Amino acid sequence: MSSRSHGKGAGGGGGEGGGGGRGGWSAASAASVAASRCHLCPLPQSLNVPRGQPASTGGAPASDRALAASQNCECGCAWHRAQAGAKASEVAVAARGAPSTAIGGGGSKSHCTNKNATAAAAIFVCVCGLFQISTCTMYPHQILLAILAFISLSRVTNSEDVDAALRKQLKEVANLEMVQNASEIMNWRDLVLRSAIPYMRDCDEMFQAGHRESGLYIIRPDNARKLVVQCYMDGCNGWTVIQHNTHDTEITWSETWTTYKYGFGNLEADHWLGNEYISLITQQKWYKVRIRLVDADGNHKYAEYDSFVLQNEDNGYALKLGTYEGNAGDSLSNSRLKNMHDNMKFSCKNQDNDRSTLDNCANVHGGGWWYDNCFNAQLNRKGGLHWSTLCEENCRRSVIMLKPIHMYCTRV
C-alpha cells in the first residue's frame, strides 16, 4: 500500500424553431398539409403495395405508373406525414414549449412508417408514376440513393434545430452545457409544461416519485438553481452521481477553483458535478456516499461511508466522512495510512489547501482533490486513478454517488 507525499507542515492559503418558419409554416398549417396529403392511396395491385399503406418499392412498370397518375394518387403518404409531423413538433417546442414526439416523446404512431428507406421509396414511386420520368427506369438505384441521402441530411439538421429549441426552453438550468443532447434528459417535458413544481431535490426523490430508469434528470436542491444530474436507479434507491472518471479519459482534470466549483465534463461520461452543487445537496439531508471502482484486472469493488458532507466554499469545501464499509479498502479515512483525506479542504492548481510545505500537491500530481500530504487516494486526475488499498494509479474506472439515509428498503 503506497501513498504520495511531500514534506509535512502547516496548510497553505486559499434552425427553424419559432412560430413562423420558412414560408409562414405553423403547427396548424403543418397539420393541414398532413391531413390533405395523407389519404388512402389506391395503388395498382401490380405494385404489390396494400391499399392504405405507403409504397415500399420503386421501379413500377410504365403502365402502372400511368394508371397511378390517372387516379391522381398521392403516393408520398409516409413522407408527407413524417415531414409535416416533424415540422409541427419543432414549431410547437420553439413557440410554446409543448411536448413533441419528434424529440423522443410518446404518442400513437400512424400506420404510415417514417423510416428513411420507406419515405425515399414512396417519393421515388410517386414522382416517377405521376410524371412518367424516363430517367427513373434508366437509373432507379442512383435516384433512390440520392433521395435517401437527402432525407438523412434533413433529419440531422432537424435534430440540431430541435435540440437548440429545447435548450431555449431549459435556459434556467445551471449546468445545461454539460449535456450533449438536451432531449436525453428524462424529465424535460415536466419542466417545459411546468408540471414539475415542486422540483425533486435529488435522484432518490425522483425514484420515490416513480422514475425508475437511470439517466439524466433535472433536479433542484435547496437554495440552488435547477441542474442536470446523472441518476443511477438500482431498483430500490436513486443515487445522485457526482463524479465519473476513466483511465483513458479525455478530460485533463487540472482545472481552476472556479471550474471545479461549477463542474465540467460530459454528464453522460467523465465529469465532476461541481463542488458548489455537491455542497448544497449534502446540506439538505443526511447522505451516504458510495465509491464504485474497477481495478486493473476488471474487478468491481466499492467503498462506502455512512455519512458524507461537503462544507461550503468559506470552509474550502472540506470533506467530512462517516464510517467505512466495503471491499475496496478505506483509502480516505484510514488512520494507519500516511495521508488522511477526511476533514481536508479541497485543493486545485490555483488553490493550495493541502498540508505540504514544499509544493501544491495539485500542481505536482494533477487534478483537484482533498489533498493531505499528498494522497492515498486520488480519483480526479488523468491517467492515474489511485486507491492505495486497491490499485496503484491504474484503476480503470471510478464513480462517486450519493443517496440519503432512509428506511425505504433493506438493500444498500
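How each quantity is defined
Just so you know, the residues in each chain are numbered from 1, in the order the chain's sequence is written. For a predicted model such as this one, the threshold for reporting local features is a pLDDT of at least 70, and the threshold for listing and counting side-chain atom pairs is 80 or more; totals across whole chains, interfaces and linings nevertheless cover every residue. In computing side-chain properties, one takes all heavy atoms of the structure into account and sets aside hydrogens as well as water. We define a salt bridge as a side-chain nitrogen of Lys or Arg found within 4 Å of a carboxyl oxygen belonging to Asp or Glu. A run of H or I in DSSP counts as a helix once it spans at least four residues, and a run of E counts as a strand once it spans at least two, with each numbered from the N terminus. Relative accessibility decides the category of a residue: with a 1.4 Å probe and only protein chains considered, values under 20% of the type maximum give buried, values over 50% give exposed, and everything between is partly exposed. Note on terminology: pairs of cysteine sulfur atoms within 2.5 Å are recorded as disulfides. To define a nonpolar core, start from buried Ala, Val, Leu, Ile, Met, Phe, Trp, Tyr and Cys residues and group those joined through side-chain atoms within 4.5 Å. Residue contacts are counted whenever heavy atoms from the two residues lie within 4.5 Å of one another. The rule for pairing is simple: two strands pair if DSSP sees at least two bridges between them. Neither His nor the chain termini are counted; the positive set is Lys and Arg, and the negative set is Asp and Glu. Polar contact is defined as a pair of N or O atoms within 3.5 Å, subject to the rule that within protein one atom must be able to donate a hydrogen and the other to accept it, and that residues adjacent in sequence are counted only when both atoms are side-chain atoms.

Asks: Give a description of the pattern of salt bridges that names residues and reports values.
Replies: On inspection of all chains with the given rule, the structure shows eleven salt bridges. A salt bridge links Arg 381 to Glu 393; the nearest nitrogen and oxygen atoms lie 3.4 Å apart. Of the two residues, Arg 381 is situated in the loop between strand 13 (377-378) and strand 14 (386-387) and Glu 393 in the loop between strand 14 and strand 15 (397-404); the sequence distance between them amounts to twelve residues. A relative accessible area of 24% places Glu 393 in the partly exposed class. Through salt bridges with shared partners, one network takes in Arg 201, Asp 202, Glu 205, Asp 222 and Lys 285.

Asks: Outline the state of the cysteines, supporting the account with residue identities and numerical values.
Replies: Counting across every chain of the model gives three disulfides. Here Cys 203 is linked by a disulfide to Cys 231, with a sulfur-sulfur distance of 1.9 Å. Looking down the S-S bond of the Cys 203 and Cys 231 bridge, the torsion is -75°, so its handedness is left-handed. Residue Cys 203 is located in helix 8 (residues 203-208), and its partner Cys 231 is located in strand 3 (residues 227-233); the two are separated by 28 residues in the primary sequence. The disulfide partner of Cys 391 is Cys 395, and the gap between their sulfur atoms is 1.6 Å. In this structure the cystine formed by Cys 391 and Cys 395 twists about its S-S bond by roughly -40°; its chirality is therefore left-handed.

Asks: Lay out the nonpolar core in plain terms, naming residues and giving numbers.
Replies: Within the largest apolar cluster, 68 residues are counted, with the highest numbers of intra-cluster contacts made by Leu 170, Ile 185, Val 228, Leu 273, Ile 291 and Trp 387. No other element matches the five residues that strand 3 contributes to this core. Beyond its immediate stretch of four places on either side in the chain, Val 228 contacts Val 173, Asn 175, Leu 176, Val 179, Ile 185, Leu 216, Tyr 217, Ile 218, Leu 267 and Leu 273.

Asks: I'd like a description of the pairing of strand 15, backed by residues and values.
Replies: With seven of eight residues buried, strand 15 lies mostly within the body of the structure. As defined by bridge partners, strand 4 (residues 238-246) adjoins strand 15 across six bridges and the pair is classed as antiparallel. For His 244, the partnering residue across the bridge sits in strand 15 and is Val 399. Bridging between strand 7 (residues 287-294) and strand 15 involves eight bridges; their strand directions are antiparallel. Bridge pairing in strand 15 links Ile 291 to Ile 400.

Asks: Go over the side chain of Asp 330, please, and point to the residues and values.
Replies: For Asp 330, the position within the fold is in the loop between strand 11 (324-326) and helix 11 (361-365). It turns out Asp 330 is buried and unbridged, and the closest side chain with the opposite charge, Arg 336, is 7.5 Å from it. Among the polar contacts made by the side chain of Asp 330, one reaches the side chain of Tyr 305 at a distance of 2.5 Å. In this structure Asp 330 touches Tyr 305, Tyr 324, Leu 337 and Thr 389, once residues within four positions along its chain are discounted.

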